[in-house]
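# Examining the three-dimensional arrangement
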Amino acid sequence: MLGNCLIPIIIRTGNIQQTMRILITGFEPFGDTQVNPSEELVHSLADEIIPDVDLTRLVLPVDTKTAPVILQQTIRNNTFQAIVCLGEASGNTSITLERVSINLLDFRIPDNSGIQVIDQPINPEGPAAYFSTLPIRKIEQTLRKHGIPVCLSCSAGTYLCNQIMYTLLEELAINQISIPAGFIHLPALPAKAAAQTRPIPTMSLETMRMGIKLILQLLSEASN
């Protein structure tokens, strides 16, 4: 069952021995929408050639029980040099670089399995928070330089995005894996706005893809 959520497509470019293995994740749609920009972006990268990047793509279920397990298994069964997790933040006007995840689950709406967790820790024995290890400031500067809207955030929320960010960073910390890793929120797609009766901010998939490709390239260049 869990295996069905993995996308069995690994993009490899150039000499594998000289490329940087990066895991990128997104989420399936949730709530009352039929599209999630993070899933669409992960799928769209199938045809992209990113120099010196060996990319593994993964779409996670919006399920508080299974999503963390899938992510943990993927990390434990592979060796990555960087991990970038993506999710949707409807209402945001720019690509949002999350700086911190907190040890809290407090769902505004149920997940896709119908579970709604209220005021519960992600790990009762874990620290209060983990900080992103992505080069946040360099990413911000790079995206701004290329005219892509970007901002920094000190709250990844208390839904699945925050849970996955916390799980990711805790998994790496426990196993003493020191690599760039963190979470990035994406604005809604125009298709979502078209289905709303009230206007909401959007960003095109092409702009998002350009921004994420720049981030992947920056991570690869920093490792050389």
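A few points on the structure. The model shown is predicted, which means the values in this text are computed figures rather than measured ones.

Moving on: the environment of Thr-25. With respect to the helices and strands, the residue Thr-25 is situated in strand 2 (residues 20-27). On the accessibility criterion, Thr-25 (1% relative accessible area) is buried. Along the chain, Thr-25 and Arg-209 lie 184 residues apart, while their C-alpha atoms are 13 Å from each other. Apart from residues lying up to four places away in sequence, Thr-25 is in contact with Val-42, Leu-58, Leu-60, Leu-71, Val-84, Cys-85 and Leu-86.

All right, on to the nonpolar core then. Among the nonpolar cores identified, the biggest contains 32 residues, and Ile-184 and Ile-212 are the most heavily contacted of them. Ranked by residue count, the leading element in this core is helix 6 (residues 205-223), at six residues. If we skip the residues at most four places from it in the chain, Ile-184 touches Val-84, Cys-85, Leu-86, Gly-87, Ile-95, Thr-96, Leu-97, Leu-134, Ile-212 and Ile-215. Counting 31 residues, the second-largest nonpolar core is a separate cluster that includes Leu-105, Phe-107, Cys-161 and Ile-164.

Right, let's get into the packing of helix 3 (residues 136-145) against helix 6. Contact pair helix 3 / helix 6: the axes reach a minimum separation of 10 Å and the direction vectors enclose 130 degrees. In terms of their interaxial angle, helix 3 and helix 6 are classed as oblique. Between helix 3 and helix 6 lies a crossing of right-handed hand. Contact with helix 3, carried on its side by Lys-138, Ile-139, Thr-142 and Leu-143, involves Gly-211, Leu-214, Ile-215 and Leu-218 of helix 6 and no other residues of that element. Of the residues that constitute the contact of helix 3 with helix 6, the class distribution is five nonpolar, two polar and one charged.

On to helix 3. For helix 3, every residue scored as buried is listed here: Ile-136, Ile-139, Glu-140, Thr-142 and Leu-143. Seen end-on, helix 3 carries its buried residues on one side only, within an arc spanning 165 degrees. Helix 3 presents Lys-138, Gln-141 and Lys-145 as exposed residues on the side facing more than 90 degrees away from its buried surface. Tucked inside the fold, the buried residues of helix 3 contact strand 5 (95-98), strand 8 (150-153) and helix 6. Immediately downstream of helix 3, the backbone of Gly-147 shows phi near 75 degrees, a positive value.

Turning next to the packing of aromatic side chains. The final tally for this structure, using the stated rule, is three aromatic pairs. Taking 5.7 Å as the distance between ring centres and 45 degrees as the angle between the ring planes, the aromatic pair formed by Phe-30 and Tyr-159 counts as tilted. With Phe-30 in the loop between strand 2 and helix 1 (37-44) and Tyr-159 in the loop between strand 8 and helix 4 (160-174), this residue pair connects regions lying 129 residues apart in the sequence. There is no split in this pair, since Phe-30 and Tyr-159 are both buried. Relative to Tyr-159, the ring of Phe-107 has its centre 4.8 Å away and its plane inclined at 75 degrees; by these criteria the two rings are edge-to-face. Of this pair, Phe-107 sits in the loop between strand 6 (100-102) and strand 7 (129-131) while Tyr-159 sits in the loop between strand 8 and helix 4, and the two are 52 residues apart along the sequence. Judged by relative accessible area, which is 15%, Tyr-159 ranks as buried. Taken together, the ring pairs in this structure connect Phe-30, Phe-107 and Tyr-159 into an aromatic cluster.

Glancing now at the packing of helix 1 against helix 6. Packing of helix 1 against helix 6 leaves a shortest axis separation of 10 Å and a crossing angle of 65 degrees. It follows from the interaxial angle that helix 1 and helix 6 lie roughly perpendicular. Crossing of helix 1 over helix 6 shows right-handed handedness. In this structure, helix 1 contributes Pro-37, Glu-40, Leu-41 and Ser-44 to the contact, and helix 6 contributes Leu-205, Met-208, Arg-209 and Ile-212. Among the residues forming the contact of helix 1 with helix 6, the class breakdown is five nonpolar, one polar and two charged.

The rules we used
- Residues numbered from 1 in each chain as written.
- Predicted model: local features only at pLDDT ≥ 70, side-chain atom pairs only at ≥ 80, totals over all residues.
- Heavy atoms only, no water.
- Helix = DSSP H or I, 4+ residues; strand = E, 2+ residues; numbered from the N terminus.
- Buried < 20%, exposed > 50% of the residue type's maximum accessible area, 1.4 Å probe, protein only.
- Contact = heavy atoms within 4.5 Å.
- Core = buried A, V, L, I, M, F, W, Y, C linked by side-chain atoms within 4.5 Å.
- Axes fitted to C-alpha atoms, helices over the stretch in contact; angles between N-to-C directions.
- Parallel < 35°, antiparallel > 145°, perpendicular 65-115°, else oblique.
- Left-handed = near helix turned anticlockwise from the far one by under 90°.
- Nonpolar A, V, L, I, M, F, W, Y, C, P; charged D, E, K, R; others polar.
- Arc of directions from axis to C-beta.
- Phe/Tyr/Trp six-rings, centres within 6.5 Å; stacked < 30°, edge-to-face > 60°.

Everything listed is a geometric property; what it means functionally is a separate question.
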